[in-house]
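Breakdown of the fold
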Amino acid sequence: MSTERKSVLTNALVIDDEPQIRRLLRITLEGNGYRVFDAATGKDGLLQAAQCRPEVILLDLSLPDMEGLEVLKRLREWTRLPVVVLTVRDTEADKITALDAGADDYVTKPFGSGELLARLRAALRHNQPQGSEAVFRSGDFEMDLAARVVRKRSQEIKLTPTEYALLRMFVTHAGKVLTHRLLLTEVWGPNAAEQTQYLRVHIAHLREKLEEDPASPTLIVTESGIGYRLLAP
């Protein structure tokens, strides 16, 4: 598989203590355009969420070290990534509690793969701009969020997964100042909140690929002492 193809896969994190479920989900998701990461405990799931930068999370409520609801609450302290609960608990009270805690959807086991994939697609759609807003253009720069493609003068630009995640943050908040802490937390996870050197290096790489003159940027500009801003067209 080529590097280009890998870069457009959707990262999914499965947090479930049942090896059979993790295996089934890996087979199902990898056959439908996902790159799958998995964790058998809540603690490992939180760590993976910060490190592998998933775009959607499937979360079991019954984990060996902590309740899935606790994992969900901790995730919601720093990210709005879509979370689909996947569990054997099927009472109305469980569903209400999970949805109120920040889950985007609730699927009970056993589940049909077709329904699960549809619910994942819906969760991902709700987490990105719709219609004309799904394509951002500014001058000769274009980012198609639905197709996960970045172009400059109609030529596709190759980005690393980290660069793509960072640029997506800018595009979905175009015109707004994004603080160092916000960018670091959303892209690298809560443990990287103070690691501003990560940000400087990747901002420099993005500018080299997107700006006419990286030394005098006109697309991603610095807000001194605060963060960065993508200029709206």
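It should be noted that the structure appears before, not after, this text.
Nothing here was measured: the structure is a model prediction, and the numbers come from that model.

We now examine the sheet that holds strand β2 (residues 34–39). Spatially, five strands are ordered β2-β1-β3-β4-β5 in an open sheet, and the strand pairing comes out parallel. With partners counted over all chains shown, the strands left at the sheet margins are β2 and β5 (105–108), one partner each. For this sheet, the mean inter-axis angle between neighbouring strands, taken without regard to orientation, is 20 degrees. Summarising the sheet, strand β3 (residues 56–59) and strand β4 (residues 83–87) pair through three bridges and their orientation is parallel. Bridge pairing in β4 links leucine 58 to valine 84. Its contacts with the sheet put helix α3 (residues 42–51) on β1 (10–15), β2 and β3, and the angle it makes with β2 is roughly 145 degrees.

Moving on, we come to the pattern of salt bridges. All chains considered together, the criterion is met by 19 salt bridges. A salt bridge links arginine 26 to glutamate 30, with the nearest nitrogen and oxygen atoms 2.9 Å apart. With a gap of four residues between them, arginine 26 and glutamate 30 both fall in helix α2 (residues 19–30), about one helical turn apart. Residue glutamate 30 is classed as partly exposed on the basis of its relative accessible area of 44%. Here glutamate 115 makes a salt bridge to arginine 119, at a shortest N to O gap of 2.8 Å. Taken together, the residues glutamate 115 and arginine 119, both in helix α6 (residues 113–126) and four residues apart, mark about one turn of the helix.

About the cut-offs
- Residues numbered from 1 in each chain as written.
- Predicted model: local features only at pLDDT ≥ 70, side-chain atom pairs only at ≥ 80, totals over all residues.
- Heavy atoms only, no water.
- Pairing = 2+ DSSP bridges.
- Helix = DSSP H or I, 4+ residues; strand = E, 2+ residues; numbered from the N terminus.
- Axes fitted to C-alpha atoms, helices over the stretch in contact; angles between N-to-C directions.
- Contact = heavy atoms within 4.5 Å.
- Salt bridge = Lys/Arg side-chain N within 4 Å of Asp/Glu carboxyl O.
- Buried < 20%, exposed > 50% of the residue type's maximum accessible area, 1.4 Å probe, protein only.

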